[in-house]
Amino acid sequence: LRPWPKSEPWVARIDEILSRIDRSNRVVTWLGVRWFYRRHDLLPSSSHAFPECLDAEREVYLYAGKLDEVPSDTLLGACRVICSADVPNYQSFLHEPETYFYRYEYHPFHRDRTKP
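Being a predicted model, the structure only gives us computed values, none of them experimental.

Asker: Is there a simple way to think about the pattern of salt bridges in this case?
Answerer: Opposite charge on two side chains allows them to pair when their charged atoms are near. For the structure shown, the criterion picks out eight salt bridges. Linking Glu69 and Arg20 is a salt bridge whose minimum nitrogen-to-oxygen distance equals 2.8 Å. Placement of the pair is Glu69 in strand β4 (residues 68-71) and Arg20 in strand β1 (residues 11-21), with a sequence separation of 49 residues. For Glu69, a relative accessible area of 39% puts it in the partly exposed group. Residues Glu96 and Arg80 are paired through a salt bridge, measuring 3.4 Å at the closest nitrogen-oxygen approach. Remark: Arg80 occurs in strand β5 (residues 80-83) and Glu96 occurs in the loop between β5 and β6 (99-106); sequence separation between them is 16 residues.

Structure representation (structure tokens):
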């Protein structure tokens, strides 16, 4: 997906396909997505919480928060994201183009309530 014009493409998982009526009474399609962040996109305060990245080009982190809604025309194409826990030998898939893997979920706004 390209969330805004001229931006670098982002990887997202489509969880919902939504129909909406726009201002001119036309049906438009929106996508409910969950973003995958690359290591360099993580907040500096959160990146230390994860072990060393195995492959900076292919490893992504799933944002498990609420869905974002984006227009369907921002969709650029398909890619494959593999959960390393679901596929024992996920490295064998990484030779394919547009294939990524994730090991961890990213919770940028999660705060430990036991600390001040």
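Asker: Just to check I follow, could you spell out a nonpolar patch on the surface for this structure?
Answerer: Taken together, the side chains of Ile14, Ile17 and Leu75 present a nonpolar region at the surface, about 300 Å² in accessible area. The residue Ile17 is located in strand β1 in this model. Residue classification places Ile17 among the exposed positions, given a relative accessible area of 67%.

Criteria and thresholds
What you see as residue numbers is a count from 1 along each chain, following the sequence as written. Where local features are concerned, this predicted model is filtered to residues with pLDDT of at least 70; where side-chain atom pairs are given and counted, the filter is 80 or more; whole-chain, interface and lining totals use all residues. Only hydrogens and water are removed before side-chain values are computed, so all heavy atoms of the structure are retained for them. What counts as a salt bridge is simple: a side-chain nitrogen of Lys or Arg found within 4 Å of a carboxyl oxygen of Asp or Glu. Note on conventions: DSSP H or I runs of at least 4 residues are helices, E runs of at least 2 residues are strands, and numbering of each starts at the N terminus. Buried means the residue's accessible area, taken with a 1.4 Å probe over protein chains only, is under 20% of the maximum for its type, while exposed means over 50%, and partly exposed covers the values in between. Put simply, a patch holds well-exposed residues, over 30% relative accessible area, that have no salt bridge, with like charges counted together within 9 Å and Val, Leu, Ile, Met, Phe, Trp or Tyr side chains within 5 Å. Exposure was quantified through the Shrake-Rupley algorithm and a 1.4 Å probe, taking into account, for residues, occlusion by the shown protein chains and nothing else.

Interpretation note: all reported values are geometric properties and have no functional meaning in isolation.
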